[in-house]
Structures are given as C-alpha cells and as structure tokens.
Amino acid sequence: HQGTKPRIPRIARLMAPAIKFQGMVDRGEVHDYADLARLGFVSRARVTQIMNLLNLHPDIQEHLLFAAASSPTERTLRPVMAQVEWPAQLKLWSLLAQPL
C-alpha cells in the first residue's frame, strides 16, 4: 500500500520522549520526574522506568531509536538497564540482541 509508513517500535517511542523529557528537566521547564508524571498522567515509577533508558550505553540507545520492529521491549531491557557499568550492559545486550 502506497504511503504506508513503517511501524515504529514501541521501545523507540519510549526512548525518544525520555531524551526530550531529560532536556526539559535540564532546562528547568519541569522541576523533576514527578512533574513529568503529573503532566503525562502516569505514575512517578513509570516515568523512572522510561527515564532509565537514558542510562543505557549510547550504542544501545542508538540501536533502540533506529532499529527494526524486532527490537526488545522495555521490560526485556530492564536487566541491561540495571547494570551500572557500560561493559556489563554491552555484554548483556549482545546476548539479548543475538536473535534480532
């Protein structure tokens, strides 16, 4: 069908706002994540889950923003996000991304 746009993976639809929201916090447009939660009508916990995507290694973030529809879910990525050290993240990511 002509004009049909490719489907944007849900993880990319979470990653992009996380970047935007962090900019809003950095510029002082909102005070904190609690303000974001109120504006978005979601829980503070959910905002934190989404914003944790920004703790991912930049290569992983790039993949999530520009990857095909077979990208992992945010829930699947939580163990990767839980790793503070980027080398540990990349190791887990390589295991997670193999089937992609």
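In case you missed it, the structure is sitting above this.
Rules and cut-offs
- Residues numbered from 1 in each chain as written.
- Predicted model: local features only at pLDDT ≥ 70, side-chain atom pairs only at ≥ 80, totals over all residues.
- Heavy atoms only, no water.
- Helix = DSSP H or I, 4+ residues; strand = E, 2+ residues; numbered from the N terminus.
- Buried < 20%, exposed > 50% of the residue type's maximum accessible area, 1.4 Å probe, protein only.
- Contact = heavy atoms within 4.5 Å.
- Areas by Shrake-Rupley, 256 points an atom, 1.4 Å probe, with all protein chains shown as cover.
- Axes fitted to C-alpha atoms, helices over the stretch in contact; angles between N-to-C directions.
- Parallel < 35°, antiparallel > 145°, perpendicular 65-115°, else oblique.
- Nonpolar A, V, L, I, M, F, W, Y, C, P; charged D, E, K, R; others polar.
- Arc of directions from axis to C-beta.

Turning our attention to the overall build of the chain. Looking only at helices and strands, the chain has 6 helices and 0 strands in total. Helices and strands in the chain line up, N terminus first, as α-α-α-α-α-α. With the C-alpha coordinates of the chain rotated into their principal frame, the extents come out at 45 × 40 × 20 Å. For the chain, with 100 residues in total, the buried portion stands at 32%. In the chain, the proportion of contacts linking residues at least 24 apart, taken out of those at least 6 apart, comes to 59%. A total of about 6800 Å² of accessible surface is found on the chain, and carbon and sulfur atoms cover 58% of it.

Next up on the list: the side chain of Gln61. Inspection of the secondary structure puts Gln61 in helix 4 (residues 58–66). Ignoring anything within four residues of it in the chain, the contact list for Gln61 reads Met15, Leu53, Leu54, Asn55 and Leu56.

Two measures define how a pair of helices packs: the angle their axes make with one another and the distance between the axes. Packing of helix 4 against helix 6 (residues 86–97) brings their axes to within 9 Å, and their N-to-C directions diverge by 40 degrees. On the basis of their axis angle, the class for helix 4 and helix 6 is oblique. Residue-level inspection shows Pro58, Ile60, His63 and Leu64 of helix 4 in contact with helix 6, the latter providing Trp86, Gln89, Leu90 and Trp93. Class assignment of the residues belonging to the contact of helix 4 with helix 6 gives a composition of 6 nonpolar, 2 polar and no charged.

The next thing to look at is the environment of Val47. Of note, Val47 is situated in helix 3 (residues 44–51). Considered as a pair, Val47 and Tyr33 are 14 residues apart in the sequence and their alpha carbons are 6.5 Å apart. The residues contacting Val47, other than those within four sequence positions of it, are Tyr33, Leu36, Ala37 and Val42.

Moving on, we get to helix 4. Every buried residue belonging to helix 4 is among Ile60, Gln61 and Leu64, and all of these are buried. Burial along helix 4 is one-sided: seen end-on, the buried residues are contained in an arc of 100 degrees. Taken together, the buried residues of helix 4 touch helix 1 (10–26), helix 5 (74–81) and helix 6.

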